[in-house]
Amino acid sequence: MDKRMFAIFACFAVLLCGCVKKAQPATEASKDDQIVVGFSQVGAESEWRVANTESIKAALSVENGYELIYDDARQEQENQIRAIRNFIQQNVDYIVFSPKLETGWNSILQEAKEAGIPVIMIDRDIIVEEEDLFTAYIGSDFRKEGEKAVVWLENLLEKQGRTEEPIRIVHIQGTIGSSAQIGRTSALEQGIKNNINWEMVAQECGDFTRAKAYEVMGAILEQTKDIDVVYCENDGEALGAIDAMEEVGIKCDANDGVIVISFDATRLGLEYCLKGKIALDVECNPQQGPYVDAIIQKLERGEPIERENLIEETQFDCFTITQKMIDDRKY
Ligand code: GZL
């Protein structure tokens, strides 16, 4: 090949390489400016928890500019503390976690603070020594959820003319020490103080699971079947308690059976409400992902944020719920 031809070929080869430079996939190209978030989740104990995890993963996605490092603590606070320490060692940009329990977080959050990593808490709340140990909280007012249930029960019993006769209540609590359990329990206990004819005949922990609630309700039914109300601190527990009651021939019905109160308003819980087996289901909204995304974006832009972000929640009862209401919901 003469020199002229070689020169033309060489120019052409350079042009060709320049045109077909390997296009970097979006994730690699923007990998450096992705926001890295470490997320410690309590576990997968309930439909509510699964929906909560899905909401966070959907919002903090690669498409939305995030790299999410997810850890399932399998209901152990120690696993959450270990996961948060790992996130700190990996120097993530943000830490998001749902604390299994209200207490025991000061030390690990102090480590995150010293590492300069903002902590965003979702779902359950915590008690800390210093306010600045976390940047924001996104969740629910659990005491208010319980108060909604107590008011609804007072109104139902008044309509039924049952403000004098003994109302025998079984209380299936959530994970002891979680802010959801503490809030929902305190509202019922106050309701029992306010209503002289209400009587707590049993109070057991169902740990927010259908299996445990079935077990403890079965044991209670061996002691007594003279029950008017079963107050369950989430839908999983309500279904477990209903399973146990139906097994011994007890009808769950707001008008002529045991009144079952529940929390979460998951799809499964609302289907039981539509059947009349759950009388009241107080919503606890797990769709917290968009709230976390919005707060992180504001922090990235250096904008002020609200420290406490309570999510709007409603309630459903067996008298007014419709299939369309269930179909229209996201979880
Ligand atoms: C409430 C949440 C509770 C749900 C349960 O925000 O922490 O934990 O009510 C879940 O279903 O297990």
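Here the structure is a predicted model, which is why all the values come from computation and not from measurement.

A.B. asks: How would you sum up unusual backbone geometry? Please name residues and give values.
C.D. replies: In the Ramachandran plot, Asp207 falls in the positive-phi region, its phi being about 55° despite a non-glycine side chain. Assignment of secondary structure puts Asp207 in the loop between strand S7 (198–205) and helix H8 (210–223). Residue Ala265 is not a glycine yet carries a positive backbone phi of 60°. Secondary-structure assignment places Ala265 in the loop between strand S9 (259–264) and helix H10 (267–274). Its relative accessible area of 0% is what places Ala265 among the buried residues.

A.B. asks: Describe the nonpolar core, listing the residues and the values that go with them.
C.D. replies: Ile172, Met217, Val230, Met245, Ile259 and Ile261 are the most contacted members of the largest nonpolar core, which totals 51 residues. Excluding anything up to four places from it in sequence, Ile172 contacts Glu204, Gly206, Ala213, Val216, Met217, Ile220, Val230, Tyr231, Cys232, Glu233 and Glu237.

A.B. asks: Can you break down the packing of H8 against helix H9 (residues 235–247) residue by residue, with the values?
C.D. replies: At a minimum axis distance of 7 Å, the contact between H8 and H9 shows a crossing angle of 40°. Our classification of the angle between H8 and H9 gives oblique. Here H8 and H9 pass one another in a crossing that is right-handed. In this structure, H8 uses Arg210, Ala213, Tyr214, Met217, Gly218 and Leu221 to contact H9, whose residues at the interface are Gly236, Glu237, Leu239, Gly240, Ala241, Asp243, Ala244, Met245 and Glu247. Partitioning the contact of H8 with H9 into residue classes produces eight nonpolar, three polar and four charged.

A.B. asks: Please provide a residue-by-residue account of the site of the ligand, values included.
C.D. replies: Neighbouring the ligand are 13 residues, the closest being Glu45, Asp123, Arg124, Arg184 and Asp264. Within the side chain of Glu45, one N or O atom sits 2.5 Å away from an oxygen atom of the ligand. A distance of 2.8 Å separates an oxygen atom of the ligand from a polar side-chain atom of Arg184. In the complex, the protein chains occlude 100% of the 310 Å² of accessible area that the ligand would expose alone. Under a 2 Å grid-point criterion requiring more than half of the atoms, the pocket assigned to the ligand is the largest cavity.

A.B. asks: Give me the layout of surface pockets: which residues, what numbers.
C.D. replies: Quantified by volume, the largest pocket comes out at close to 160 Å³. Lining of the largest pocket is provided by Ser140, Asp141, Lys144, Glu145, Lys148, Leu310, Ile311, Glu312 and Glu313. Looking at which element gives the most residues to the lining of the largest pocket, the answer is helix H6 (residues 142–159), with three residues. For the lining of the largest pocket, the per-class residue count stands at two nonpolar, one polar and six charged.

A.B. asks: Can you explain the sheet that holds strand S5 (residues 136–139)? Please cite residues and give values.
C.D. replies: Taking strand neighbours across the sheet as the criterion, the six strands line up as S2-S1-S3-S4-S5-S11 in an open arrangement whose pairing is parallel. Each end of this open sheet is capped by a strand with a single partner; those strands are strand S2 (66–72) and strand S11 (308–310). Strand-to-strand twist of the sheet, defined as the mean angle between neighbouring strand axes without regard to direction, takes the value 15°. Looking at chain direction, strand S1 (residues 35–41) and S2 are connected through seven bridges and run parallel.

A.B. asks: Could you give an account of the domain arrangement of the protein chain, with specific residues and numbers?
C.D. replies: Parsing the protein chain into structural domains produces domain 1 (31–139 + 286–300) and domain 2 (142–284 + 317–327). The C-alpha centroid of domain 2 is placed 31 Å from the C-alpha centroid of domain 1. Every contact between the two is made by twelve residues of domain 1 and, on the other side, 14 residues of domain 2. Summing both sides of the interface, domain 1 and domain 2 together bury roughly 1,100 Å²; the carbon and sulfur share of this comes to 61%. Seen at the junction of domain 1 and domain 2, the total is three residue pairs in polar contact (both at pLDDT 80 or more). Here the side of domain 1 that touches domain 2 is composed, by residue class, of four nonpolar, one polar and seven charged.

A.B. asks: Residue-level account of H10, with values.
C.D. replies: For H10, the full list of buried residues reads Gly269, Leu270, Tyr272 and Cys273. The buried residues of H10 occupy an angular sector of 155° when the element is viewed end-on, so they sit on one face. Next to the buried residues of H10 lie H8, H9, strand S10 (280–283), strand S12 (315–317) and helix H12 (323–327).

A.B. asks: Explain empty space enclosed by the protein to me, using residue names and the numbers behind them.
C.D. replies: Taken as a whole and judged by the stated rule, the model has one cavity of 30 Å³ or more. Within this model, the largest cavity holds a volume of roughly 100 Å³. Around the largest cavity, the lining comprises 14 residues; the ones closest to its centre are Trp48, Arg49, Arg124, Phe208 and Asp264. Of all the secondary-structure elements, those providing two or more residues to the lining of the largest cavity are helix H3 (47–59) and helix H7 (179–194). Looking at side-chain class alone, the lining of the largest cavity contains five nonpolar, two polar and seven charged residues.

A.B. asks: Tell me what's going on with the sheet that holds strand S8 (residues 229–232), and back it up with residues and numbers.
C.D. replies: Strand order in the open sheet formed by six strands is S7-S6-S8-S9-S10-S12, and the pairing between neighbours is mixed. Of all strands in the sheet, those with a lone pairing partner are S7 and S12, marking the two edges. The average angle at which neighbouring strand axes cross in this sheet is 15°, direction not considered. Across three bridges, S10 lies against S12 in antiparallel orientation. Considered in S12, the bridge of Val282 is made with Gln315. Contacts from H7 reach strand S6 (167–173), S7, S8 and S9 within the one sheet, and its direction differs from that of S7 by about 160°. Sheet strands in contact with H8 are S6, S7 and S8, and its direction is about 145° off that of S6.

Each value, and the rule that gives it
- Residues numbered from 1 in each chain as written.
- Predicted model: local features only at pLDDT ≥ 70, side-chain atom pairs only at ≥ 80, totals over all residues.
- Heavy atoms only, no water.
- Helix = DSSP H or I, 4+ residues; strand = E, 2+ residues; numbered from the N terminus.
- Buried < 20%, exposed > 50% of the residue type's maximum accessible area, 1.4 Å probe, protein only.
- Core = buried A, V, L, I, M, F, W, Y, C linked by side-chain atoms within 4.5 Å.
- Contact = heavy atoms within 4.5 Å.
- Axes fitted to C-alpha atoms, helices over the stretch in contact; angles between N-to-C directions.
- Parallel < 35°, antiparallel > 145°, perpendicular 65-115°, else oblique.
- Left-handed = near helix turned anticlockwise from the far one by under 90°.
- Nonpolar A, V, L, I, M, F, W, Y, C, P; charged D, E, K, R; others polar.
- Near = heavy atom within 4 Å.
- Polar contact = N/O pair within 3.5 Å; in protein donor to acceptor, adjacent residues only side chain to side chain.
- Areas by Shrake-Rupley, 256 points an atom, 1.4 Å probe, with all protein chains shown as cover.
- 1 Å grid on protein atoms, 1.4 Å probe; cavity = no way out; pocket = protein on both sides within 12 Å on 5 of 7 lines; lining within 4 Å.
- Sits in = over half its atoms within 2 Å of the grid points.
- Points joined across faces, edges and corners; volume = space filled by probe spheres on them.
- Pairing = 2+ DSSP bridges.
- Domains from an automatic or database assignment.
- Buried area = accessible area lost by both parts, 1.4 Å probe.
- Arc of directions from axis to C-beta.

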